[in-house]
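Descriptive structure summary
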Amino acid sequence: MSLGALAFLNPLALTALLALPIIYWLLRTVPPRPRQLEFPPTRILLGLENREKTPAKTPWWLLLIRLLAAALVILALAEPILNPQRDAAIPGRGPVALVVDNGWTSAPRWAERAGLIERLITEAESQSRAVIVVATAASAKGQVARIQAPAEARNSARALSPQPFAPDRAAAAEVLAAGLAGSVDQAQGVGIVWLSDGIDHAKEAASFVESLAALSAGVPLVVVTEPQGSEPQGLIGRVGASGRLEAVVVRSGGPASIGSILATSAKGEILGTATYAFEAGATRTEARLELPLELRNQVARLALAGQTSTGAVSLLDQRSQWQRVGLISGESIEQAQPLLAPFYYIEKALAPTAEIVKPKTANLDAALEDALAAKISVLALADIGTLPPDLAETIAEWIGKGGVLVRFAGPRLEKGGDDLLPVPLRIGGRTLGGALSWSSPQRLATFEEASLFTGLAIPADVMIRRQVLADPGRLGPDVQVWARLTDGTPLVTAARRGEGLVVLFHVTGNSDWSNLPLSGLFVDMLKRIVLQGRLGGGPAGEASALANGTEQAAGEATLAPISTLDGFGVLSSPPPAAKALLASAFDQTIASLDHPPGYYGSKGAPRALNVLTADATLPALPALPIGSIVRGFEGGAEALLKPSLLALALGLVLVDILAVLLLQAGGLAGLIGRRGSGGVTATSAARTVAGPLIGAGLLLGVLAAAGEVSAQPVRTPVTAVDAKAALATAKVTLGYVLTGDVQADETSRQGLSGLAKVLQLRSAVTPGEPIAVDILRDEIAFYPVLYWPVPERPDELPREILAKIDAYMKQGGMIIFDTRDQGKGLPSGVAFGGDGRSGLQRILGQLDLPRLEPVPDGHVLGKSFYLLRSFPGRWDGGQMWVEAGGVAGEDGGAREARRADGVTSIIVTSNDLAAAWALDERGRPLYPVVPGGEVQREMAFRTGINIVMHALTGNYKADQVHVPALLERLGQ
């Protein structure tokens with residue numbers, strides 16, 4: 001029987017509610033209140049009457065308490081359940097197939113999705129049905145699914161995580177079909193439950209549903225959809241007019257809503273915000289971020305506030321940055337025709353990607369002063385032959401600090417120029433074609449690999465008719481030739497000057513000497529040169545790397561992954577499956593398992609690949625076939641209310657006892673106002689008060705036990721310190737540091753408990769149960785080993801706590817810091833987070849740590865019990881760091897690192913040891929280990945045993961005193 005979100009396992013017990021009137025009649029009376037008589041004793045005899053006393057009536061409020069307690073007991077016996085899942089029964093009698101959308105759109109509500117998967121497996125287990133779990137976004141090549149027992153399927157489901165790309169449902173349908181092949185009874189069918197994300201990726205949802213319906217053998221398909229108002233949202237960042245950052249937010253529909261967009265730097269600093277709003281049913285909206293150019297160029301990431309998914313993040317690279325470019329010409333702009341103006345084509349080419357600073361005066365000195373005051377990074381000079389010495393000195397100083405000077409030839413420069421040129425020029429120019437010339441116009445030769453313009457396509461119709469010539473005898477190794485004519489004559493040259501760069505186009509910036517400014521090639525060439533300004537002038541190869549990568553394969557540039565986003569939008573090291581991609585195909589690349597979104601190319605000039613393209617949409621699922629069962633995510637798991645109701649009933653009984661005691665004593669006024677001469681004795685008064693106090697204490701204890709566990713760790717009472725110390729010292733006890741994260745703390749307890757069981761089976765150590773340690777309040781000297789899981793953003797420790805930890809390690813204790821991040825938080829200083837520090841660095845602060853090194857060959861930790869070469873946990877591949885054994889000192893000897901009896905005082909790992917050790921009450925593993933499976937788990941247990949033995953035995957295994965005796969025994 002159920003009532004809304006409430007059900008009763010024993011509804012017949014509710015008939016006992018009919019007995020409440022009888023209980024009411026039985027509880028109407030209360031014993032009469034005793035009379036109080038004063039001494040002398042003879043006064044007791046006066047006024048006595050031999051007549052029957054009738055009890056007084058029970059107060060209505062006391063009767064109500066008793067009836068309510070009785071009703072609660074009856075309800076508890078009916079065994080009520082909150083959020084019953086009976087209505088969500090999986091159709092069919094055959095195996096249960098859970099098809100999970102785990103693309104980036106599933107990340108915002110992944111916890112609810114994982115909870116529903118757990119409940120569905122539990123339901124299948126209660127029906128004695130096998131389970132097969134299939135992810136639509138595979139985390140590895142060659143995904144294979146098989147029918148499993150519910151316990152195994154539960155481990156497979158826990159290994160699922162959101163992937164940073166869209167799901168491939170067609171491939172998932174093939175995997176499911178292969179997993180069910182030959183094992184499906186058509187009479188029983190397959191109960192398929194599709195946990196969808198509500199998005200029709202690649203318009204394949206209709207065919208996917210048809211495939212699932214064909215596999216279910218006639219059993220209705222169950223589709224679980226996101227609730228209205230929780231539709232996933234995606235973000236597309238772009239550069240708008242005048243270089244402003246714009247953001248496009250897309251969704252599949254839903255009610256009206258508003259949100260915020262955060263613009264952050266590469267260090268995680270928030271540089272600006274913008275708000276966006278969706279009207280009801282709208283699927284697309286836009287927002288603009290108004291930022292000064294200096295801040296706008298520091299923006300490396302746009303993200304939707306409160307959305308944790310890859311699609312809610314848009315990475316920006318240096319192609320989206322804008323720079324200020326100053327344009328100064330030797331020709332009067334007012335006298336030039338617009339189409340023949342020296343900077344007309346240059347300005348048109350740069351306007352979409354840069355902020356143009358044009359002179360307000362024809363005075364060259366004043367124009368340069370205005371341009372430099374505007375903090376330009378690129379300065380373009382057109383047909384300026386010789387600069388005045390003081391002006392040239394100012395420009396040279398600016399170039400030395402990282403500026404990029406771009407000069408265009410012209411009639412004035414044919415006279416030879418000045419020192420601010422990449423290479424000295426020959427007097428006079430070169431005319432190609434015409435009635436008085438033997439030569440014809442020249443085309444451009446293919447760009448060399450060392451050129452800034454490598455990879456740009458050269459139009460066949462670009463012709464050079466006139467140019468200034470570089471002195472061939474002065475073309476030294478310091479001069480870079482970025483473009484040549486087909487006859488080998490330099491067309492674009494460059495040279496480094498300090499931190500900056502000087503570039504010369506040997507033709508004009510307009511169409512006087514060539515048609516190059518009329519081509520798209522001219523636009524691409526200027527873009528790359530402006531990029532040199534963003535890079536501080538160089539090195540020159542970085543700009544070409546931004547477009548073409550740094551690796552060459554079969555003559556074509558490739559871009560290797562540098563850092564990639566995970567399904568929750570967190571930037572980290574690329575996964576093993578990530579591959580490099582061709583630079584020519586970068587703009588057409590769709591994020592996938594092979595090419596996850598993130599940064600590719602060189603670290604100095606990476607290119608950003610996002611999961612959403614510029615024209616991306618998030619279409620909603622089409623109408624499902626008739627007969628499909630559509631459900632939403634359940635609000636929570638089943639909860640038995642019987643313990644809480646019994647605890648509440650017991651509390652009411654204790655309140656009833658307290659009320660009766662007060663009535664018997666004449667109320668609080670009677671307790672307080674007794675006279676010492678003729679009243680009750682002090683002992684009886686104390687007993688009268690003690691009873692209610694004890695009852696109240698028991699009530700508080702029951703209510704505390706029945707309540708939910710707080711999210712914060714329980715602090716050890718001061719009165720229990722001695723008992724905790726005795727418990728910790730009775731046996732070899734392992735401690736784990738409380739982090740405030742309930743899940744992490746429970747994993748630590750389960751892990752150390754599992755390690756203790758294995759230790760007891762395999763060694764002479766008989767450890768006790770692990771004890772939680774509050775690092776701020778508890779004494780830590782009782783524990784030979786402390787396991788400390790490092791949160792991602794922990795609080796910094798006070799100085800006195802750091803001193804306590806330092807003393808603990810110096811006195812022989814060992815702390816295992818487990819960052820649980822597969823090598824992202826190594827103690828080498830790799831920083832994550834907005835403040836530039838990893839979680840481990842925030843915990844340790846200024847602690848006087850010894851020098852650390854990866855576990856060297858022959859270290860005692862690898863032979864204290866088992867012979868080990870690696871130290872895996874739930875993950876494998878992360879390095880384990882220990883206290884260094886010794887380094888060369890200034891005197892040429894060895895300076896030993898601080899150690900106590902040969903035991904390393906600190907171990908840093910990233911492999912999540914506790915999760916690999918965690919066992920349930922039956923000794924079954926709780927978490928999957930990857931990639932090595934149970935073999936890796938065995939090696940993780942051996943790692944734990946070696947650590948404990950190393951902490952307990954010190955340098956025993958490394959003691960060479962025992963070598964002769966051991967050799968003698970081996971000889972026998």
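What follows is about the pattern of salt bridges. In total, this model carries 27 salt bridges according to the counting rule given. Put simply, Asp 656 and Arg 66 hold a salt bridge, and the shortest N to O gap is 2.6 Å. One end of the pair, Asp 656, is in helix α13 (residues 642-664); the other, Arg 66, is in helix α2 (residues 60-77), with 590 residues separating them in the sequence. By relative accessible area, which is 14% here, Asp 656 ends up buried. Looking at Arg 66, the relative accessible area reads 16%, which means it is buried. Here Arg 607 and Asp 587 are joined by a salt bridge, their closest N and O atoms 3.1 Å apart. Of the two residues, Arg 607 is situated in strand β32 (residues 606-609) and Asp 587 in the loop between β30 (581-582) and β31 (598-601); the sequence distance between them amounts to 20 residues. With relative accessibility at 57%, the residue Asp 587 sits in the exposed group.

Moving on: the nonpolar core. Counting 45 residues, the largest nonpolar core has Phe 453, Trp 482, Val 492, Val 503, Phe 505 and Ile 529 as its most contacted members. Residue assignment for this core shows that the elements contributing at least two residues are β17 (323-329), α8 (344-350), β19 (378-382), β20 (404-408), β23 (479-484), β24 (490-497), β25 (500-505) and α11 (520-534). Broken down by element, the residue count for this core peaks at six residues, all from α11. In this structure Phe 453 touches Phe 447, Trp 482, Ala 483, Val 492, Met 525, Arg 528 and Ile 529, once residues within four positions along its chain are discounted. Core analysis: the second largest hydrophobic core is formed by 34 residues, Leu 734, Trp 917, Phe 941 and Met 949 among them.

Let us look at the pairing of β19. Within β19, five of the five residues are buried, leaving the element largely enclosed by the surrounding structure. Looking at chain direction, β17 and β19 are connected through five bridges and run parallel. Residue pairing for β19: Ile 328 is matched across the bridge by Leu 381. Direction of pairing for β19 relative to β20: parallel, over a ladder of five bridges.

For the rest of this paragraph, the subject is the packing of aromatic side chains. According to the stated counting rule, one finds 13 aromatic pairs in the structure shown. Both rings, one in Phe 505 and one in Phe 522, keep their centres 6.1 Å apart while their planes meet at 70 degrees; by these two values the pair is edge-to-face. Taken together, the residues span a long stretch of sequence, with Phe 505 in strand β25 and Phe 522 in helix α11 at a distance of 17 residues. There is no split in this pair, since Phe 505 and Phe 522 are both buried. Taken together, the aromatic side chains of Phe 408, Phe 505 and Phe 522 make up a single cluster linked through ring pairs.

Among the structural elements, Leu 160 can be located in the loop between α4 (150-158) and α5 (169-180). C-alpha separation for the pair Leu 160 and Ala 114, spaced 46 residues apart in sequence, amounts to 8.6 Å. Apart from the residues within four sequence positions on either side, Leu 160 is in contact with Val 100, Trp 110, Val 133 and Ala 135.

Of note, the bond from Val 930 into Pro 931 is cis; its omega dihedral lies within 30 degrees of zero at 5 degrees. Mapped onto the elements, Pro 931 comes out in the loop between α20 (913-917) and α21 (933-953). Backbone geometry at Ser 128 places phi at a positive 55 degrees, although glycine is not the residue there. Note on placement: Ser 128 falls in the loop between α3 (110-126) and β7 (131-135). By relative accessible area, Ser 128 is classed as exposed at 71%.

Along an α-helix, residues three or four apart share an orientation, since each turn contains 3.6 residues. Between its first and last C-alpha atoms helix α10 (residues 389-400) spans 16 Å; for twelve residues at 1.5 Å apiece the expected length is 16 Å, and the two agree. Of the positions making up α10, those classed as buried are Leu 391, Ala 392, Ile 395, Trp 398 and Ile 399. What you see down the axis of α10 is that its buried residues fit within an arc of 120 degrees, all on one side. In α10, the exposed residues that point more than 90 degrees away from the buried face are Pro 389, Asp 390, Glu 393 and Glu 397. Packing partners of the buried residues in α10 comprise α9 (364-373), β19, β20, β24 and β25. Looking one or two residues past α10, Gly 402 carries a phi angle of roughly 120 degrees, positive in sign.

The pairing of strands in a sheet comes from backbone hydrogen bonds and takes either a parallel or an antiparallel form. Sheet architecture is open: seven strands sit in the order β18-β17-β19-β20-β25-β24-β23, paired in mixed fashion. Two strands lie at the open edges of the sheet, namely β18 (354-357) and β23, each paired on one side alone. Taking each pair of neighbouring strands and ignoring which way they run, the sheet shows an average axis angle of 20 degrees. Across five bridges, the pairing between β23 and β24 is antiparallel. Bridge pairing links Val 479 to Ala 495 in β24.

Moving on: α5. With twelve residues, α5 should cover 16 Å at 1.5 Å per step; its first-to-last C-alpha distance of 16 Å lies within 8% of that length. Among all positions of α5, only Arg 169, Ala 172, Ala 173, Val 175, Leu 176, Gly 179 and Leu 180 are buried. Projection of α5 onto a plane perpendicular to its axis shows the buried side chains occupying an angular sector of 160 degrees, all on one side. Opposite the packed face of α5, turned more than 90 degrees from it, sit the exposed residues Glu 174 and Ala 178. Elements that come into contact with the buried residues of α5 comprise β6 (96-100), β7, β8 (191-195) and α6 (205-215). Taken from the residues just after α5, Gly 182 is the one with a positive phi, measuring 75 degrees.

A surface patch of like charges, here negative, comprises Asp 365, Glu 369, Asp 370, Asp 390 and Glu 393. Of all elements in the fold, only α9 and α10 reach the threshold of two or more residues within the negative patch. Sort the elements by how many residues they give to the negative patch and α9 lands first, with three residues. Relative to the helices and strands, Asp 390 resides in helix α10. Residue classification places Asp 390 among the exposed residues on the basis of a relative accessible area of 51%.

What follows is about the pairing of strand β22 (residues 466-470). For β22, the tally of buried residues reaches four of five residues, placing the bulk of the element in the interior. Across four bridges, the pairing between strand β21 (residues 425-431) and β22 is antiparallel. Within β22, the position partnered with Thr 431 by the bridge is Arg 466.

Parameters at a glance
Residues numbered from 1 in each chain as written. Predicted model: local features only at pLDDT ≥ 70, side-chain atom pairs only at ≥ 80, totals over all residues. Heavy atoms only, no water. Salt bridge = Lys/Arg side-chain N within 4 Å of Asp/Glu carboxyl O. Helix = DSSP H or I, 4+ residues; strand = E, 2+ residues; numbered from the N terminus. Buried < 20%, exposed > 50% of the residue type's maximum accessible area, 1.4 Å probe, protein only. Core = buried A, V, L, I, M, F, W, Y, C linked by side-chain atoms within 4.5 Å. Contact = heavy atoms within 4.5 Å. Pairing = 2+ DSSP bridges. Phe/Tyr/Trp six-rings, centres within 6.5 Å; stacked < 30°, edge-to-face > 60°. Expected span 1.5 Å × (residues − 1). Arc of directions from axis to C-beta. Axes fitted to C-alpha atoms, helices over the stretch in contact; angles between N-to-C directions. Patch = residues over 30% accessible without salt bridge, like charges linked within 9 Å, V, L, I, M, F, W, Y side chains within 5 Å. Areas by Shrake-Rupley, 256 points an atom, 1.4 Å probe, with all protein chains shown as cover. Lys, Arg positive; Asp, Glu negative; His and termini not counted. Charge placed at Lys NZ, Arg CZ, Asp CG, Glu CD.

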